[in-house]
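Coordinates in review
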Amino acid sequence: MAQKRQREEDKTAEASGGSKQPASGSNATLGQQTSHIKNKLVRAELYAKLKHKQKKQKKVERKRRDAEAARAEELGLEPPPKKQQKTLENTREKDVTMVEEGDEEVALDEADDEFAAHFAREREPKVLVTTCYKPSKTMFTFLAEMLEVLPRVEYYKRQGFPLKQVVGFAAGRDYSDLLVFNEDRKEVNGLLHVHLPDGPTAHYRLSSLVLGQDIRGHGRPSSHRPELVLNNFGTRLGRRVGRMLGSLFHQEPQFRGRRVATFHNQRDFIFFRHHRYIFEEKESTAEAAQPGRPKTAVVARMQELGPRFTLKLQSLQKGTFDSKHGEFEWVHKKEMDTSRRRFHL
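**Some points on the overall build of the protein chain**
A tally of helices and strands in the protein chain yields eight helices and 11 strands. Within the protein chain, the fraction of its 345 residues that count as buried is 33%. If you sum the accessible surface of the protein chain, you get close to 23,000 Å²; carbon and sulfur atoms cover 49% of it.

So, in C-alpha cells, the structure goes:
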C-alpha cells in the first residue's frame with residue numbers, strides 16, 4: 001500500500017511540475033531520464049522498461065544494416081560504411097605537438113639532434129647494460145634474455161659504483177647507450193636509459209614483465225640482427241622517445257633471421273614484444289577458391305621469443321644523468337592525469 005501511495009504521489013508531483021523534470025534529448029542517458037524519480041522501486045521499474053526498449057531498437061537497427069549490406073553484396077555494390085566504434089584512441093584530446101607527415105621543421109630538428117649520426121648510419125649502436133647494487137636471480141634471467149634481444153650489447157656488474165661514475169666509464173669507452181635496470185623486492189620495476197655521450201636521459205617505470213621461459217610455446221632467438229617496429233609515437237615528445245629507443249638497434253637488420261622487436265605505444269604505455277615470423281603457402285578451401293584466382297594463399301605465422309614488458313615514461317632529462325642539477329625536458333606529474341583522453345606520446 002505504501003509503494004502504491006508513493007507512486008501516486010510521484011505522478012501527482014510530475015503532473016503539477018513541482019519535482020525536477022527528467023533530462024530530455026537524444027544525448028540523455030537512461031540514468032538521466034530516470035533520476036528525477038525519488039521512489040527507488042518505481043525508478044528501477046522505469047529504467048528496466050527503457051533499457052528493454054533501447055535493446056529492441058538496437059536489434060532493429062542491426063537487422064536493417066545487415067539487410068542493406070546483404071542487398072549491396074547481391075547487386076555487386078559497395079556496402080554501406082560501418083559505424084565507427086568510439087574508443088579512447090579515436091576520441092583523444094587534440095595535441096598541438098602532434099607531428100604531421102612531411103613536417104619540414106621536425107625533419108630539420110631531427111637531422112641535427114643527438115640521434116642523427118645513428119640514423120645516418122655513421123655510428124653503430126654499442127650498448128652497456130648494468131643493474132642496481134644487489135640484483136636477484138630474476139634480474140639475471142631477464143638480463144640474459146635482453147642480451148639476446150639487443151644486437152650489440154655488453155653486461156658489466158655494478159660493483160657499488162655510483163651512477164654518474166658508470167656514465168663516465170661508458171662514455172669514455174665509446175658506448176652509445178647505457179641501460180640501468182632496477183628492481184624492488186625481487187621484481188624488475190624500472191629502467192634508466194642514457195644516450196651517450198650527450199644525452200638525453202629517459203626514466204621509465206617497468207611493469208608486467210613476463211620472461212621468455214614463462215611464455216607458452218616460446219622460441220629461442222638467433223644471432224641475427226632484428227628488425228625494429230615503432231608504433232604510434234606521434235607527438236614531438238613521442239618521436240623523440242621513439243628515436244631514442246630506435247638508437248638501440250642497427251639500421252640494417254638481417255632479414256634472414258626473421259626476428260622483429262616491437263615497441264608499441266598505446267595510451268602512453270609502451271609495450272615491448274619480440275617475435276619470429278615465417279611466411280607459408282597454404283591451399284585455399286574449396287568454398288574460398290574462385291575462378292581466376294590462385295588456389296594457394298600466403299599466410300604469416302609468428303612465434304613469440306620473449307621477454308615481454310611494459311614501459312611508462314616518467315621523465316626525460318637533457319644531457320646525461322644528473323639528479324641534482326639536471327634540466328628536464330618533460331616530467332610526468334599527477335596534474336597531467338585530469339583526463340583519460342589526454343596522451344603525451
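The discussion continues.
**Quick look at a positive patch on the surface**
A grouping of Lys51, Lys55, Lys58, Lys59, Arg62, Lys63, Arg65, Lys83, Lys86, Arg340 and Arg341 is seen on the molecular surface, where their side chains present a positively charged patch. Locating Lys51 in the fold gives a position in helix α3 (residues 40-74).

**Notes on the confidence of the model for the protein chain**
For residues with low pLDDT, the predicted coordinates do not support detailed interpretation. Residues at a pLDDT of 70 or more form 90% of the protein chain, whose mean pLDDT is 88. Considering only residues more than four positions removed or in separate chains, one finds that residues 12-19, a stretch of pLDDT under 50, has six contacts.

**Overview of the side chain of His193**
By the secondary structure assignment, His193 is in strand β4 (residues 187-195). Owing to a relative accessible area of 1%, His193 belongs among the buried residues under this scheme. Within the structure, His193 has its side chain in polar contact with the side chain of Asp177 (distance 2.8 Å). Beyond its immediate sequence surroundings of up to four residues, His193 is in contact with Asp177, Leu178, Leu179, Pro200, Thr201, Ala202, Tyr204, Met244, Leu245 and Leu248.

**Regarding the nonpolar core**
Counting 35 residues, the largest nonpolar core has Phe142, Leu179, Phe181, Tyr204, Val241, Ile270 and Leu313 as its most contacted members. Here the element with the most residues in this core is helix α6 (residues 137-149); it accounts for five residues. With residues near it in sequence (within four places) discarded, Val241 still touches Tyr204, Phe233, Ile270, Leu313 and Leu345.

**Let's talk about unusual backbone geometry**
A cis amide bond links Leu196 with the next residue in sequence, Pro197, at an omega value of 5 degrees. Note that Pro197 resides in the loop between β4 and β5 (201-210). Of the consecutive residues Gly199 and Pro200, the connecting peptide bond is found in the cis state with omega at 5 degrees. Within the secondary structure, Pro200 sits in the loop between β4 and β5. Although it is not a glycine, Gln159 adopts a positive phi angle of roughly 55 degrees. Relative to the helices and strands, Gln159 is located in the loop between β2 (153-155) and α7 (163-172). Phi is positive for Asp174, which is not a glycine, with a value near 65 degrees.

**Focus on the side chain of Asp113**
Relative to the elements of secondary structure, Asp113 occurs in the loop between α4 (104-110) and α5 (116-119). The buried category is assigned to Asp113, whose relative accessible area is 17%. From its side chain, Asp113 meets the backbone nitrogen of Ala116 in a polar contact 3.0 Å long. A polar contact of 3.0 Å, which involves the side chain of Asp113, links it to the side chain of Arg243. If sequence neighbours within four positions are ignored, Asp113 has contacts with Arg240 and Arg243.

**Notes on a negative patch on the surface**
On the surface, Glu100, Asp103, Glu104 and Glu105 cluster together to form a negatively charged patch. Along the chain, the position of Glu100 falls in the loop between α3 and α4.

**What about α7?**
Restricting attention to buried positions, one finds in α7 the residues Leu163, Val166, Val167 and Ala170. The arc enclosing the buried residues of α7, seen along the axis, measures out at 100 degrees, which places them on a common side. Within α7, the exposed residues directed more than 90 degrees away from the buried face are Lys164 and Gly172. For α7, the elements touching its buried residues are β1 (127-131), β3 (177-184) and β4. Asp174 sits one or two residues past α7 and shows a positive phi near 65 degrees.

**Observations concerning the packing of aromatic side chains**
Any pair of aromatic rings gets described here by the distance separating the centres and the angle formed by the planes. Following the criterion strictly, the structure yields eight aromatic pairs and no others. Judged by centre distance (5.1 Å) and plane angle (90 degrees), the rings of Phe142 and Phe181 are edge-to-face. One end of the pair, Phe142, is in helix α6; the other, Phe181, is in strand β3, and 39 residues separate them in sequence. For Phe142, a relative accessible area of 0% gives the class buried. For the ring pair Phe272 and Phe309, a centre distance of 4.9 Å and an interplane angle of 20 degrees mean the geometry is stacked. Highlighted residues: Phe272 in strand β8 (residues 269-283) and Phe309 in strand β10 (residues 308-317), separated in sequence by 37 residues. What makes Phe309 buried here is its relative accessible area of 3%. An aromatic cluster is defined as three or more aromatic residues linked by ring pairs; in this entry it consists of Phe142, Phe181, Phe249, Phe263, Phe272 and Phe309. The lysine or arginine in question, Lys126, covers the ring of Tyr175, its NZ or CZ lying 4.7 Å from the ring centre.

Rules of the game
- Residues numbered from 1 in each chain as written.
- Predicted model: local features only at pLDDT ≥ 70, side-chain atom pairs only at ≥ 80, totals over all residues.
- Heavy atoms only, no water.
- Helix = DSSP H or I, 4+ residues; strand = E, 2+ residues; numbered from the N terminus.
- Buried < 20%, exposed > 50% of the residue type's maximum accessible area, 1.4 Å probe, protein only.
- Areas by Shrake-Rupley, 256 points an atom, 1.4 Å probe, with all protein chains shown as cover.
- Patch = residues over 30% accessible without salt bridge, like charges linked within 9 Å, V, L, I, M, F, W, Y side chains within 5 Å.
- Salt bridge = Lys/Arg side-chain N within 4 Å of Asp/Glu carboxyl O.
- Lys, Arg positive; Asp, Glu negative; His and termini not counted.
- Charge placed at Lys NZ, Arg CZ, Asp CG, Glu CD.
- pLDDT = per-residue confidence, 0-100.
- Contact = heavy atoms within 4.5 Å.
- Polar contact = N/O pair within 3.5 Å; in protein donor to acceptor, adjacent residues only side chain to side chain.
- Core = buried A, V, L, I, M, F, W, Y, C linked by side-chain atoms within 4.5 Å.
- Arc of directions from axis to C-beta.
- Phe/Tyr/Trp six-rings, centres within 6.5 Å; stacked < 30°, edge-to-face > 60°.
- Lys NZ or Arg CZ within 6 Å of the ring centre and 35° of its normal.

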